[in-house]
Amino acid sequence: MRASVTPKTIAIYVGVEKAVIIPKQDFGEKFVLCYQIIARGIGMSITVEQH
């Protein structure tokens, strides 16, 4: 799993060549908090997969 940020969107990849694309404006003032939650979730899934 991975995510990327562009100036206008966040893409959360959920499979090979499959992603959920969310406009940043949908997060409003909570953008940074939401992205941190996404990043932590991805980091945790990577840690679990490695063990």
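Here the residue numbering is sequential within each chain, running from 1 through the sequence in written order. Note on the predicted model: pLDDT of at least 70 is required for a residue's local features to be given, and 80 or more for side-chain atom pairs to be given and counted; whole-chain, interface and lining totals, by contrast, use all residues. Computation of side-chain values: all heavy atoms of the structure, hydrogens and water removed.

A. Spatial organisation of the nonpolar core. What we call a nonpolar core is a set of buried Ala, Val, Leu, Ile, Met, Phe, Trp, Tyr and Cys residues that are connected through their side-chain atoms within 4.5 Å. Buried means the residue's accessible area, taken with a 1.4 Å probe over protein chains only, is under 20% of the maximum for its type, while exposed means over 50%, and partly exposed covers the values in between. Core analysis: the largest hydrophobic core is formed by five residues, namely I10, I12, F27, I38 and I42. Secondary structure elements follow DSSP: runs of H or I of four or more residues count as helices, runs of E of two or more count as strands, with numbering from the N terminus. Looking at this core, the elements that each hand over two or more residues are β2 (9-15) and α1 (31-50).

B. Summary view of the confidence of the model for the chain. Known as pLDDT, the predictor's confidence for each residue is given on a scale from 0 to 100. Within the chain, residue pLDDT values average 79, and 82% of them lie at 70 or more. Across the chain, strand β3 (residues 18-23) holds the top mean pLDDT of 91, while α1 sits lowest at 69. A low-confidence stretch, residues 46-51 (pLDDT under 50), is modelled with zero contacts involving residues beyond four sequence positions or located in other chains. By definition in these notes, contact holds between two residues if any of their heavy atoms fall within 4.5 Å.

C. Spotlight on the packing of aromatic side chains. Between rings of Phe, Tyr and Trp, where Trp is taken as its six-membered ring, a pair exists when centres lie within 6.5 Å; planes separated by under 30 degrees are stacked, by over 60 edge-to-face, and by other angles tilted. Across all of its chains, the model carries two aromatic pairs by this definition. An angle of 65° between the planes, with centres 6.2 Å apart, marks the rings of F27 and F31 as edge-to-face. The class of F27 is buried, set by a relative accessible area of 16%. Aromatic side chains F31 and Y35 sit 6.2 Å apart centroid to centroid with 20° between the ring planes, which places their arrangement in the stacked category. Remark: Y35 and F31 occur in helix α1; sequence separation between them is four residues, near one turn of the helix.

D. Structural context of the pairing of strand β1 (residues 2-5). In this description, strands pair whenever DSSP reports at least two bridges between them. Here four bridges tie β1 to β2, and the two strands are oriented antiparallel to one another. Bridging from a neighbouring strand, A3 pairs with I12 of β2. Hairpin connection from β1 to β2: three residues lie between these consecutive antiparallel strands.

E. Broad picture of the sheet that holds β1. In spatial order, the strands read β1-β2-β3; together these three strands make up an open sheet with antiparallel pairing. In this open sheet, the two strands that pair with only one neighbour each are β1 and β3. Taken over all neighbouring pairs, the strand axes of this sheet differ in orientation by 20° on average, direction set aside. Two elements, β2 and β3, share six bridges in a ladder whose sense is antiparallel. Paired with G15 across the two strands is K18, which belongs to β3. What counts as an axis is a line fitted to C-alpha atoms, over the stretch in contact for a helix, and the angles between N-to-C directions run from 0 to 180 degrees.

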